[in-house]
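Each chain, written out:
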Amino acid sequence: MLGNGENMCAYAFDGYWKDVGTVQSLWEANMDILQEPPAFELNDSDWKIYSRNPVKPPHYIAKGAKINNCCVTEGCNVYGDIKHSILFEGVTVEKGAVVEDSIVFPGAVIKENAVIKKAVIGEEAVIGKGAIIGDENTDSSQYASPYCTGGISLIGGGIIIADGEKIGINSMVASETGKGEN
Amino acid sequence: MKDMMGIVMADNSELTLNELTELRSIPALPFGGRYRLIDFILSNMVNSGIINVGIATNINYSSLMDHVGSGAPWDLNRKIYGLFMLPPYVRGGAGGISTGSIDQLYGVLTFLRRSRQQYVVLASGRTVCNMTFDEALKLHIEKDADITVVYRDVKEKNDQLSRSNVYEVDENGRVNGMETSPRYPKTTLQGMGMFIIERIKLIELIEDAYARGSHDFVRDILMTAVNSHKVYGYEYKGFVGIVDSIRSYYETNMKMLESDVRRDIFGSENRIYTKVKDQVPTQYGKTAEVSDSLIADGCIIEGTVENSIIFRGVHIAKGAVIKNSIVMQNSVIEENCDIENVIIDKECTLRQSKRLVGQPNYPVILPKRTLL
Amino acid sequence: MKSAECLAMILAGGQGSRLGVLTKTVAKPAVPFGGKYRIIDFTLSNCIHSGIYTVGVLTQYQPLELNTYIGSGHPWDLNRNSGGVYVLPPYQSAEKGEWYKGTANAIYQNIEFVDKFNPKYVVILSGDHIYKMDYSKMVEYHKEKNADATIAVIEVPWEEASRFGIMTANPDGKIVEFAEKPKEPKSNLASMGVYVFTWDVLKKYLQSDEKDPASSNDFGKKYYPNNAWQRGEYVCVRI
């Protein structure tokens, strides 16, 4: 196009811009929101980000729950501990469960005493009681995935992780794991 | 079967919610961290398949109109029927806005006449519940009732019963007696402020009452009907909260903190719809401590919140402690404030280290836009 | 900027395969982000804040979730009587019916759609970046410079430069070279995947590109023509 004498210009942009094409960059960009102050400010009254809103009640934080440096939105029910994490709409974190450095997509359920560390949990996934995601002590070879870098684990949408199951770091679970109740 | 239309009577003439309702009508009262009272009846109506709804307003209705808009959240922004705001009717020559419910209903006559549905669900906008009217309509038709009242059994007599319509219902569902605001109620059957009547019949009853110079739907139409017409009762067994006082407003809100109640109201397939606000998710800081609370989106929580309901856009600074309270949208509670048993209306600001404590039965109310 | 003057086309057809199982059944722009959004909300919100109310969303891979999400555009104020948001999957017509072969081909197949609105400028966007940007400023710049095409660039850390399409420019702003994911980048100005074209000019090139069997039909590769910089044509970089 230029070769034919067309006029081509480059316009320099200065501001936050993130290509979220990899699991790691998606996770990092989400974590940017949790920084104090946020690296990327969603709450900008001059530049509101619109989306299709879920029709859900305000989120509920139970007695005994702990929240530290998180983002939570409507429809969530938090009974456990969440730290430096983002819960999307309608997520349930049951009593005794621990979620740290993670992103939990809409409708997922983290059951009692499950432990999630540095993970992306897919929409409507169910993490069974006492299961551990992102466990450094577990051998990761079973679910190791080139898509998961930087110590991040990924549980796909709708996946049910059995009670007590342990998933290592840099792992991706794309289909049902073993037996066990959900 | 779903041949119903709805009319919401958004008046608040006799009620005493003071500062909360000074600038808005009761159905426009913010509730549950995200809603307004009217959302419940509107959602119940559309979940029952009703697509033709009129809101009969009285005074102070701009808040309501602003919230309800063209009815989009309830899918009532339609070409055929939809949501209609019916402004207050002024009785000719009397000067001023009508105050009686008959006047309000008279103003709604045109709407009733031009509608085509067979049955009308007539409701006040003050009841918090998640129900549909299909069952009640079925009963109404089966019994060939003239009017069906929806009621609940409160099991034990309480104060609110003395401010409500109390019914005597026999084993066939027939209403044989009715009291209104009785000091010593005969039964524990409390009216929920919802009625089903055939549209044509309602028109007749209104015209008739109006011609006789009557003012009140309950006293002049309903009570007379109990003797002269076939009035039946439909008992609703799910959760019900009726707001008619500061205390019931506070208590009904606090009920939302109970998981059974939340499951009843919000866990159903039939959802409660409300105006969308495009808020960002709520941010919790490193010093946030929250327990047993309902928090809306758009908040920034850095302090302690216990047993409370926080509406959207509220900022609770580090060291601030909120207990057993309701904080409405966009209010700011600065560092080290101590708030207990308080209802804070919207856009208030409490500067550092302010202390505001009410009694468990008598919460303190901070009106809109107060700066402390 | 009047909306009639400008139309946006969002390329939302890619698979985003590097997101693994997240994009198994949904297209990348429909992936959740930020607690209650989806990736495409940022681009859509940018459009309406920039005054662009006519938006085409080109889908192909697993479009169902994205289509349902966008619907008639109401959440973004894009359910309008004039303009609005249109989801554009590949379609069958009397003469042809084929999948989008590449990003440029996707625009080519929708020439009729764009012509219907007859805009002066078309803003081409990808639906998979997180950023806030006022496109109207870029269009103003495009107009000022009398450009036929303008591309938005951003400085990236040098160690990441080899992941992007890199523009090398002279101190006076002339672009000297364009390289796609260069192993040894000569500059750290990356293409953001945001382009403004004068429609008539773009249309001409799309039509001739389509006739070229050797073409890769891809925006990044073609319209940042490798060929082009030879005549050292006027190129401006505004910092």
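Predicted model, so just to flag it, every value in this text is computed and none were measured.

### Things to note about the overall build of chain A
Then, number 1: Across its full length, chain A holds one helix and 20 strands.
Then, number 2: By principal-axis analysis of the C-alpha atoms, chain A measures approximately 65 × 40 × 30 Å.
Then, number 3: A total of 182 residues make up chain A; the buried ones form 61% of that total.
Then, number 4: When the accessible surface of chain A is totalled, it reaches about 6700 Å², and 44% of it is carbon and sulfur.

### Structural notes on the sheet that holds strand β7 (residues 81-83) of chain A
All names here are of chain A.
Then, number 1: Read across the sheet, six strands follow the order β4-β7-β10-β13-β16-β19 without closing on themselves; strand pairing throughout is parallel. In this open sheet, the two strands that pair with only one neighbour each are β4 (66-68) and β19 (166-167).
Then, number 2: Relative to strand β16 (residues 132-133), strand β13 (residues 115-117) runs parallel, the two being bridged by two bridges. Looking at β16, one finds that Ile116 is bridged to Ile133.

### Considerations on the domain arrangement of chain B
Residues and elements named next belong to chain B.
Then, number 1: Its domain assignment divides chain B into domain 1 (4-266) and domain 2 (283-366).
Then, number 2: Contact residues are listed per partner, giving 19 residues for domain 1 and 22 residues for domain 2.
Then, number 3: Interface area for domain 1 against domain 2, summed over the two sides, is near 1600 Å², with a carbon-plus-sulfur share of 67%.
Then, number 4: A per-residue breakdown of the area domain 1 buries against domain 2 is headed by Gly33, Tyr250 and Leu257, which together make up 37% of the total.
Then, number 5: On the surface where domain 1 and domain 2 come into contact, there are zero salt bridges.
Then, number 6: Between domain 1 and domain 2 we count one residue pair in polar contact (both at pLDDT 80 or more) in total.
Then, number 7: When residues of the side of domain 1 that touches domain 2 are assigned to their parent elements, the largest contribution, six residues, is made by helix α9 (residues 246-255).
Then, number 8: Taken together, the residues of the side of domain 1 that touches domain 2 break down into ten nonpolar, three polar and six charged.

### Quick notes on the pairing of strand β5 (residues 84-88) of chain C
It is a general feature of regular strands that their side chains alternate between the two faces of the sheet.
Residues and elements named next belong to chain C.
Then, number 1: Judged from the five bridges that link them, strand β4 (residues 54-58) and β5 form a sheet pairing that is parallel. By the bridge assignment for β5, Val57 is matched with Val87.
Then, number 2: Crossover connection from β4 via helix α2 (residues 63-70) to parallel β5: handedness right-handed.

### Observations regarding the pairing of strand β6 (residues 121-126) of chain C
All names here are of chain C.
Then, number 1: Judged by how many residues are buried, β6 sits mostly within the fold: six of six residues are covered.
Then, number 2: Neither face of β6 is open: one carries Tyr121, Val123 and Leu125, the other Val122, Ile124 and Ser126, and all of them are buried.
Then, number 3: As judged from the six bridges shared by strand β1 (residues 6-11) and β6, these two strands associate in the parallel manner. Residue pairing in the sheet places Leu11 in a bridge with Ser126 of β6.
Then, number 4: Direction of pairing for β6 relative to strand β11 (residues 189-198): antiparallel, over a ladder of four bridges. The residue bridging Val122 from the neighbouring strand is Phe197, located in β11.

### Some points on the environment of Asn170(A)
Residue and element names in this part refer to chain A.
Then, number 1: Within the fold, Asn170 resides in the loop between β19 and β20 (172-173).
Then, number 2: Taking the C-alpha atoms as reference points, Asn170 and Ala125, 45 residues apart in sequence, are found 18 Å from one another.
Then, number 3: Among the polar contacts listed, one links the side chain of Asn170 to the backbone nitrogen of Gly151, at a separation of 2.7 Å.

Thresholds applied
- Residues numbered from 1 in each chain as written.
- Chains lettered and ligands numbered in written order.
- Predicted model: local features only at pLDDT ≥ 70, side-chain atom pairs only at ≥ 80, totals over all residues.
- Heavy atoms only, no water.
- Helix = DSSP H or I, 4+ residues; strand = E, 2+ residues; numbered from the N terminus.
- Buried < 20%, exposed > 50% of the residue type's maximum accessible area, 1.4 Å probe, protein only.
- Areas by Shrake-Rupley, 256 points an atom, 1.4 Å probe, with all protein chains shown as cover.
- Pairing = 2+ DSSP bridges.
- Domains from an automatic or database assignment.
- Contact = heavy atoms within 4.5 Å.
- Buried area = accessible area lost by both parts, 1.4 Å probe.
- Salt bridge = Lys/Arg side-chain N within 4 Å of Asp/Glu carboxyl O.
- Polar contact = N/O pair within 3.5 Å; in protein donor to acceptor, adjacent residues only side chain to side chain.
- Nonpolar A, V, L, I, M, F, W, Y, C, P; charged D, E, K, R; others polar.
- Right-handed = clockwise from strand over helix to strand, strands pointing away.

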